[in-house]
Amino acid sequence: MARVLIVGAGLAGLSAAIDASANGHHVVVVERSSTIGGRGTSQNKEGFSLTFGPHLLQNKGPMWELCRRLSKRKFSSAAIRLDKVEVLGHGMIRPKGNISRVVENRRALKSKDQSHPIVRAASFLTSWSPDYLGRIETLSKSKLLVSNEGWIGLAGRLAAALDEIGVLIECNVKVESLHNYGVKLNNGKKIEADVVILACGLSKSRQLLAEVDQQRTEQTFSGLSKITASIIEVGLDSKPLRERQVIIDTDNHTTIVDYTAIQSRLSTHGSHLSAITVGGLKIDKGETRFESQEDRMEYLESFLDAQASGWREHIITDLRQEKITIHENLGNEIDGFAFSDKGIIMAGSWVQSDFILADAAVHSGRIAGKNIGKAQH
Ligand SMILES: Cc1cc2nc3c(=O)[nH]c(=O)nc-3n(C[C@H](O)[C@H](O)[C@H](O)COP(=O)(O)OP(=O)(O)OC[C@H]3O[C@@H](n4cnc5c(N)ncnc54)[C@H](O)[C@@H]3O)c2cc1C
């Protein structure tokens, strides 16, 4: 049995804790903020479960599987419908009464022809990148879901399972540095551990590892980039998107999702719009891109004005983030065990995995938790 210390109670950290504990290790999780779930959570406000931007769940993916397996109580989920997804300038992905367009779009999605606007839009919605085709089938095969309990409910299932098996999660505790005995916290306390799992995001992990082995850290983390997004989440007492569940503006990397239109059990009110603009903005026909988050936010608001007319007058509650990291290393090249000889394993959406986003976080966390022995001295 090893003493395992997990840094970060996001989806990767919680998943790692579940598997490490199931494999007989003594596990403690520390989290710098006051809440668990990291970016994969939501807050219940005025009858809405507000997330950090649109979060869509892959049916039977690692996150879905783990949540299902951990609790007998099933959660219900509803899939996005292709006849309710509008790609701006190109109509619905499956337009009613237009058989030839339905056939053309279905063919394009099957062939993953990246020059086709529907394929690029589908790729954006499924991965938040118009160039990543690896998850496109989740949309075309109706596997892109919204659950009825919000992401706080899903992260809560992981936390409840940990509580049941007696794993301690300490919030408001920040890890400052790594040492051969374990970690040092911001309150000066030391925690001894045989194995440390870094599930605290790419930037913090890199910073902590640089003090352990600068050269290897530079090599391991070289050439990586992160993609940020701006988001607006609003709970409304109106339904401004009418029949649409999702609107995608691929050129400007912008989307509005109406969670309530997809999963009616999420709220009894009008609609829950989750709007996102990712990365730079293509403002004109040239390649001028504006990276400033203020520009992004302004564009997002004007997009909502154009597509969800009157939304400002119907706000019950809202949550905005001008800048949030959506992808740290979409290519997933970093080996989670690159520092295992030092008793350190890495987990997170940025660690090598066959999956992306929350599924990569959960998958890499579980792999870390199952393989503590690889890092034990
Ligand atoms: C706008 C947006 C939309 C998204 N959409 C989707 C989607 O549709 N589908 C999907 O599957 N995924 C989506 N994601 C991605 C998903 O939210 C993330 O991939 C996932 O939550 C990452 O989990 P993680 O555990 O790797 O990292 P994080 O959630 O970042 O967790 C890291 C944790 O470590 C803690 N921490 C950091 N430093 C320290 C320290 N020094 N000491 C202690 N704790 C520390 C942080 O507070 C945090 O809780 C989206 C993300 C965003 C931002």
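Quantities reported herein were computed from a predicted structural model and do not represent experimental measurements.

Asker: Would you take a moment to explain the site of the ligand for this structure?
Answerer: Among the 37 residues in the neighbourhood of the ligand, the closest are listed as Gly8, Gly10, Gly38, Gly40 and Gly53. Secondary structure elements with two or more residues in the shell around the ligand: α1 (11-22), β15 (226-236), β21 (315-328) and α11 (357-370). Of all the elements, α11 adds the most residues to the shell around the ligand, at four residues. Split by residue class, the shell around the ligand holds 20 nonpolar, eleven polar and six charged. For the shell around the ligand, the two domains that each supply at least three residues are domain 1 (3-42 + 150-224 + 331-375) and domain 2 (78-148 + 225-328).

Asker: Explain the nonpolar core to me, please; I cannot follow it from the model alone.
Answerer: Counting residues in hydrophobic clusters, the biggest one holds 110 residues, and the most contacted among them are Ile6, Val7, Leu14, Ala17, Val196 and Ile197. In terms of residue count, the dominant contributor to this core is helix α6 (residues 150-164) (eight residues). Taken domain by domain, this core gets at least three of its residues from each of domain 1 (3-42 + 150-224 + 331-375) and domain 2 (78-148 + 225-328). Contacts of Val7, omitting those with residues within four sequence positions, involve Val30, Val175, Val183, Val196, Ile197, Leu198, Ala199 and Cys200.

Asker: So what exactly am I meant to see when it comes to the sheet that holds strand β2 (residues 26-30) here?
Answerer: Hydrogen bonds between backbone groups are what pair the strands of a sheet, and the pairing can be parallel or antiparallel. With respect to topology, five strands assemble into an open sheet ordered β10-β2-β1-β14-β22, the strand pairing being parallel. Each edge of the open sheet is held by one strand with a lone partner, namely β10 (168-170) and β22 (344-346). Sheet twist, expressed as the average angle between the axes of neighbouring strands with direction ignored, equals 20 degrees. Looking at chain direction, β2 and β10 are connected through three bridges and run parallel. Within β10, the residue paired with Val28 across the bridge is Leu168.

Asker: Honestly, the domain arrangement of the chain in this entry has me stumped. Any pointers?
Answerer: A common way to report how large an interface is uses the accessible area buried once the components associate. As assigned here, the chain comprises domain 1 (3-42 + 150-224 + 331-375) and domain 2 (78-148 + 225-328). Facing ten residues of domain 1, the contacting portion of domain 2 comprises eight residues. Looking at which element gives the most residues to the side of domain 1 that touches domain 2, the answer is α6, with three residues. Each residue belonging to the side of domain 1 that touches domain 2 can be placed in one class, and the counts come to five nonpolar, four polar and one charged.

Asker: Is there a simple way to explain α11 in this structure?
Answerer: The periodicity of an α-helix, 3.6 residues per turn, causes residues three or four positions apart to be oriented the same way. Here α11 contains 14 residues, and its C-alpha end-to-end distance of 20 Å stays within 8% of the 20 Å for a straight helix at 1.5 Å per residue. Among the 14 residues of α11, 13 are classified as buried, and the element is accordingly described as predominantly covered.

Asker: In this structure, what is going on with the packing of α1 against α6? I would like to understand it.
Answerer: The description of two helices packed together rests on the angle between their axes and the distance between the axes. For the pair α1 and α6, the least separation of the axes is 10 Å and the interaxial angle reads 30 degrees. Judged by the twist between their axes, the crossing of α1 over α6 is left-handed. The segment α1 lies against α6, with Leu11, Leu14, Ser15, Ala17 and Ile18 engaging Ala155, Leu158, Ala159, Ala161 and Leu162. When the residues that make up the contact of α1 with α6 are grouped by side-chain class, the tally is nine nonpolar, one polar and no charged.

Asker: Can you walk me through the sheet that holds strand β9 (residues 144-147) in this structure?
Answerer: Spatially, β5-β9-β6 is the arrangement adopted by the three strands of the open sheet, whose pairing is antiparallel. Each edge of the open sheet is held by one strand with a lone partner, namely β5 (57-58) and β6 (77-79). In this sheet, β9 lies alongside β5 in antiparallel orientation, the contact comprising two bridges. For Gln58, the partnering residue across the bridge sits in β9 and is Leu144.

Asker: How should I be thinking about the environment of Lys74 in this particular structure?
Answerer: Within the secondary structure layout, Lys74 lies in the loop between α2 (62-70) and β6. Owing to 8 C-beta atoms within 10 Å, Lys74 belongs among the exposed residues under this scheme. Separated by 86 residues in sequence, Lys74 and Ala160 place their C-alpha atoms 14 Å apart.

Asker: I would appreciate a short explanation of the pairing of strand β4 (residues 48-51) in the present structure.
Answerer: The two faces of a sheet get side chains in turn, since along a regular strand they alternate between them. On β4, burial covers both faces: Phe48 and Leu50 on one face and Ser49 and Thr51 on the other are all buried. Where strand β3 (residues 42-45) meets β4, four bridges bridge the pair, whose relative direction is antiparallel. Among the inter-strand pairings, Lys45 is bridged to a residue of β4, identified as Phe48. Linking β3 back to β4 in an antiparallel pair, the connection comprises two residues, with Glu46 at a positive phi of about 50 degrees.

Asker: Before we go on, may I ask you to explain unusual backbone geometry in this structure?
Answerer: Even without a glycine there, the phi angle at Lys112 is positive, about 55 degrees. With respect to the helices and strands, Lys112 occurs in the loop between α3 (99-111) and α4 (117-127). Judged by C-beta crowding, with 15 C-beta atoms within 10 Å, Lys112 ranks as partly exposed.

Conventions we followed
Residues numbered from 1 in each chain as written. Predicted model: local features only at pLDDT ≥ 70, side-chain atom pairs only at ≥ 80, totals over all residues. Near = placed C-beta within 6 Å. Helix = DSSP H or I, 4+ residues; strand = E, 2+ residues; numbered from the N terminus. Nonpolar A, V, L, I, M, F, W, Y, C, P; charged D, E, K, R; others polar. Domains from an automatic or database assignment. Core = buried A, V, L, I, M, F, W, Y, C linked by C-beta atoms within 7 Å. Buried ≥ 20, exposed ≤ 12 C-beta atoms within 10 Å, placed from the backbone. Contact = placed C-beta atoms within 7 Å. Pairing = 2+ DSSP bridges. Axes fitted to C-alpha atoms, helices over the stretch in contact; angles between N-to-C directions. Expected span 1.5 Å × (residues − 1). Left-handed = near helix turned anticlockwise from the far one by under 90°.

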